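Single-letter residue listing:
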Amino acid sequence: MSHNLLKGKKGIIFGALDEKSIAWKTALRCVAEGAEIVLTNAPVAIRMGEINKLAEQCKAPVIGADVTNMDDLDNLFLKTKEHFGGGVDFILHSIGMSVNMRKGNDYTNLNYDYMHKSVDISAMSFHRVLQTAIKHDAINEWGSVVALTFIAAHLAFPNYNEMADIKAMLESITRSFGYQYGMKKHVRINTVSQSPTVTTAGQGIAGFDGFVSFSEKMSPLGNASADQCAEFTVSLFSDYTRMVTMQNLFHDGGFSSTGVTEAVIAQMSK
Ligand code: NAI
């Protein structure tokens, strides 16, 4: 069901790899709500993933960009402006990768070259995207930008490894750049802190399946799905949330405010 919440709006969606990706679901939802979009991902992900299938469904061009490469980002914004004949109204940053996790390095045994790369891809990239957007004046007045994060930026989750620190940086960039872009162009910038979700990035976390079940039991509403995350993000791109900025918004069925549930106590009492 569509409410035409994004009728006439134009946006860029970063990070749709395959059908499980939160960005994939968000792209579909944005288009269903009346938006026109440009899809982007790292060139290697475009080759290995299924983004062209999504592009067909969304009638959207795909413009490759490695978010750690400034020339790629310049090209993305220039081509997007050319495509739409002007700026965009929304951007989704749905990008995360931990090189140390991929290599199986524990948090107390990190490789710092890998960590630099992880920080660059998963947090600094948000600054790079926003700085490039400002440079090209690529986001329209009252535009909206959302990046995806996880509660491990606030609470210790041992298996989230270096990504906990990196998400804390991402959330800080949201506040700092939210101030700048708000003052300059009334552009709002927020993070959505999503429940654990079965995706390629999610499944890279050790013990992920067990954690999904635990989180389900610890959330009064249960885990939020990727589709529900897409719907929430659409609301943040819509005109109904124009005064919300520089916030980290938990989209997690209540997990972040729950100390313990009866279900978890029952499990522990067995
Ligand atoms: P995903 O694996 O489908 O998406 C991650 C995306 O990052 C992929 O499309 C990948 O190609 C892209 N990417 C990696 N390196 C890149 C680079 N150098 N340049 C451009 N793009 C690059 O996984 P998912 O779960 O949809 O992840 C999206 C976001 O949601 C991430 O920020 C993740 O941390 C966040 N998130 C995920 C949760 C989960 O449990 N899956 C929970 C909370 C937040």
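Our structure's up above, just so we're on the same page.
Since this is a predicted model, take the numbers as computed values, not measurements. (Residues numbered from 1 in each chain as written. Predicted model: local features only at pLDDT ≥ 70, side-chain atom pairs only at ≥ 80, totals over all residues. Heavy atoms only, no water.)

Caption draft 1: Quick look at the sheet that holds strand E2 (residues 36–40). Read from one edge of the open sheet, six strands run E2-E1-E3-E4-E5-E6, paired in parallel fashion. On the outer flanks of this sheet lie E2 and strand E6 (248–251), each paired with one strand and no other. On average, adjacent strands in this sheet sit at an angle of 20° to one another, irrespective of strand direction. Direction of pairing for strand E4 (residues 139–149) relative to strand E5 (residues 188–194): parallel, over a ladder of six bridges. In the strand pairing of E5, Leu 148 is matched with Val 192. The strands touched by helix H1 (residues 22–32) within the sheet are strand E1 (10–14), E2, strand E3 (88–93), E4 and E5, with E1 carrying the most contacts at an inclination of about 165°. Packing of helix H7 (residues 163–185) onto the sheet brings it into contact with E3, E4, E5 and E6, and relative to E4 it is tilted by some 175°. (Pairing = 2+ DSSP bridges. Helix = DSSP H or I, 4+ residues; strand = E, 2+ residues; numbered from the N terminus. Axes fitted to C-alpha atoms, helices over the stretch in contact; angles between N-to-C directions. Contact = heavy atoms within 4.5 Å.)

Caption draft 2: Representation of the packing of helix H8 (residues 208–218) against helix H10 (residues 262–269). Contact pair H8 / H10: the axes reach a minimum separation of 7 Å and the direction vectors enclose 125°. Classified by the interaxial angle, the pair formed by H8 and H10 is oblique. Between H8 and H10, the contacting residues are Phe 214, Lys 217 and Met 218 on the first element and Ala 263, Val 264 and Gln 267 on the second. Residue composition of the contact of H8 with H10, by class: four nonpolar, one polar and one charged. (Parallel < 35°, antiparallel > 145°, perpendicular 65-115°, else oblique. Nonpolar A, V, L, I, M, F, W, Y, C, P; charged D, E, K, R; others polar.)

Caption draft 3: Representation of empty space enclosed by the protein within the structure. The full count for this structure, using the stated rule, is one cavity of 30 Å³ or more. If you add up the space inside the largest cavity, you get close to 60 Å³. Lining of the largest cavity is provided by Phe 150, Ile 151, Ser 193, Gln 194, Ser 195, Pro 196, Phe 211, Ser 215, Phe 250, Asp 252 and Phe 255. Elements represented by at least two residues in the lining of the largest cavity include exactly E5 and H8. Residue composition of the lining of the largest cavity, grouped by class: six nonpolar, four polar and one charged. (1 Å grid on protein atoms, 1.4 Å probe; cavity = no way out; pocket = protein on both sides within 12 Å on 5 of 7 lines; lining within 4 Å. Points joined across faces, edges and corners; volume = space filled by probe spheres on them.)

Caption draft 4: The arrangement of the environment of Gly 8 in detail. Along the chain, the position of Gly 8 falls in the segment before E1. Classification of Gly 8 by relative accessible area gives exposed; the value is 51%. In this structure, the C-alpha to C-alpha distance between Gly 8 and Glu 33, residues 25 residues apart in sequence, is 9.5 Å. What Gly 8 contacts, discounting residues up to four positions off in sequence, is Gly 34 and Asp 89. (Buried < 20%, exposed > 50% of the residue type's maximum accessible area, 1.4 Å probe, protein only.)

Caption draft 5: Main features of H1. Residues Ile 22, Ala 23, Trp 24, Thr 26, Ala 27 and Cys 30 constitute the buried set of H1. Following H1 by one or two positions, Gly 34 has its phi on the positive side, about 100°.

Caption draft 6: Structural view of the site of the ligand. Around the ligand, the surrounding shell holds 29 residues, and the nearest of these are Gly 15, Ser 21, Asn 41, Thr 197 and Thr 199. At a separation of 2.7 Å, an oxygen atom of the ligand approaches a polar backbone atom of Thr 197. For the ligand, the protein covers 93% of the area, taking 830 Å² as the surface of the free molecule. Spatially, the ligand is embedded in the largest pocket. (Near = heavy atom within 4 Å. Polar contact = N/O pair within 3.5 Å; in protein donor to acceptor, adjacent residues only side chain to side chain. Areas by Shrake-Rupley, 256 points an atom, 1.4 Å probe, with all protein chains shown as cover. Sits in = over half its atoms within 2 Å of the grid points.)

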